Amino acid sequence: MRTARLRTVHPVLWAAWAALAAGAVLCVIGWYGVSGERFAERQLPYLASCTVPGAALIIAGAVLLTHGRNALAAARVEELYGLLVAAEPDGTVDSGQAAAAPLAVSADLLMVPGGTLFHRADCPLVAGKTEAVPVDGKLVASGELGPCPICEPAEADG
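Residues numbered from 1 in each chain as written. Predicted model: local features only at pLDDT ≥ 70, side-chain atom pairs only at ≥ 80, totals over all residues. Heavy atoms only, no water.

## Overview of the pairing of strand β2 (residues 117-120)
Then, number 1: Two strands pair when backbone bridges link them, and strand β1 (residues 109-111) and β2 are joined in this way by three bridges, in the antiparallel orientation. Note on β2: the bridge partner recorded for M111 is F118.
Then, number 2: Between β1 and β2, which pair antiparallel one after the other, the connecting turn spans five residues, and G114 there sits at a positive phi close to 90°.
Then, number 3: Both β2 and strand β4 (residues 146-147) contribute to a ladder of two bridges, which runs parallel. Looking across to β4, one finds that L117 is bridged to G146. (Pairing = 2+ DSSP bridges. Helix = DSSP H or I, 4+ residues; strand = E, 2+ residues; numbered from the N terminus.)

In structure tokens:
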């Protein structure tokens, strides 16, 4: 699912790279022209016609590149937000009640090796993961593992 905004970013990035390349070519041509002239009054046309516009194109390309990358990042965040909203369940339950009820209710606790949270077995973050293992009580007691904010396993124990 690509958003329309994401499709409009690519021409901006291409224009940015084209402006950078054209600016670099103009600067090289201007440098070559200036280097072949001995007197300053014969060097000025190369500066005015190649080097200054080349530098302006390089600056414009850098601005377009920055804008395009920011727009690309914003489009990706928008796309991810759309996926997150689409993943929310359609419920007729009042939103206050839905927020109070945890997503998972299993009493079995799991963790992912190398992770920092422990989860209920039916938590969406570990459900279906083959690498999830039962929680070691020593890690929870020492504070190395915290409760998952999604499935709230600490409330089941308390």
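## Observations regarding a nonpolar patch on the surface
Then, number 1: Among the surface-exposed residues, Y81, L84 and V85 lie close enough to one another that they form a single nonpolar patch of about 320 Å² accessible area.
Then, number 2: Positionally, Y81 belongs in helix α2 (residues 40-87).
Then, number 3: Note on Y81: relative accessible area 56%, which makes it exposed. (Patch = residues over 30% accessible without salt bridge, like charges linked within 9 Å, V, L, I, M, F, W, Y side chains within 5 Å. Areas by Shrake-Rupley, 256 points an atom, 1.4 Å probe, with all protein chains shown as cover. Salt bridge = Lys/Arg side-chain N within 4 Å of Asp/Glu carboxyl O. Buried < 20%, exposed > 50% of the residue type's maximum accessible area, 1.4 Å probe, protein only.)

## What to know about the sheet that holds strand β3 (residues 133-134)
The strands making up a sheet associate through hydrogen bonds between their backbones, and the pairing can be parallel or antiparallel.
Then, number 1: Spatially, the four strands line up as an open sheet ordered β3-β1-β2-β4, and their pairing is mixed. Looking at the sheet topology across the chains shown, the edges are occupied by β3 and β4.

## Quick notes on the side chain of H119
Then, number 1: Position of H119 among the secondary structure elements: in strand β2.
Then, number 2: Classification of H119 as buried rests on a relative accessible area of 6%.

## Observations regarding the nonpolar core
Then, number 1: Ranked by size, the top nonpolar core spans seven residues in total: L110, V112, C123, V126, A132, C148 and C151.
Then, number 2: Ranked by size, the runner-up nonpolar core spans five residues in total, among them L13, A16, L65 and L72. (Core = buried A, V, L, I, M, F, W, Y, C linked by side-chain atoms within 4.5 Å.)

## A few points about the environment of A22
Then, number 1: Following the sequence through the fold, A22 ends up in helix α1 (residues 4-35).
Then, number 2: Put simply, A22 and L57 are 35 residues apart on the chain and 7.0 Å apart in space, counted from C-alpha to C-alpha.

## Regarding the pattern of salt bridges
Pairs can form between side chains of opposite charge once their charged atoms are near each other.
Then, number 1: All chains considered together, the criterion is met by one salt bridge.
Then, number 2: Two residues, E37 and R42, come together in a salt bridge whose shortest N-O distance is 3.5 Å.

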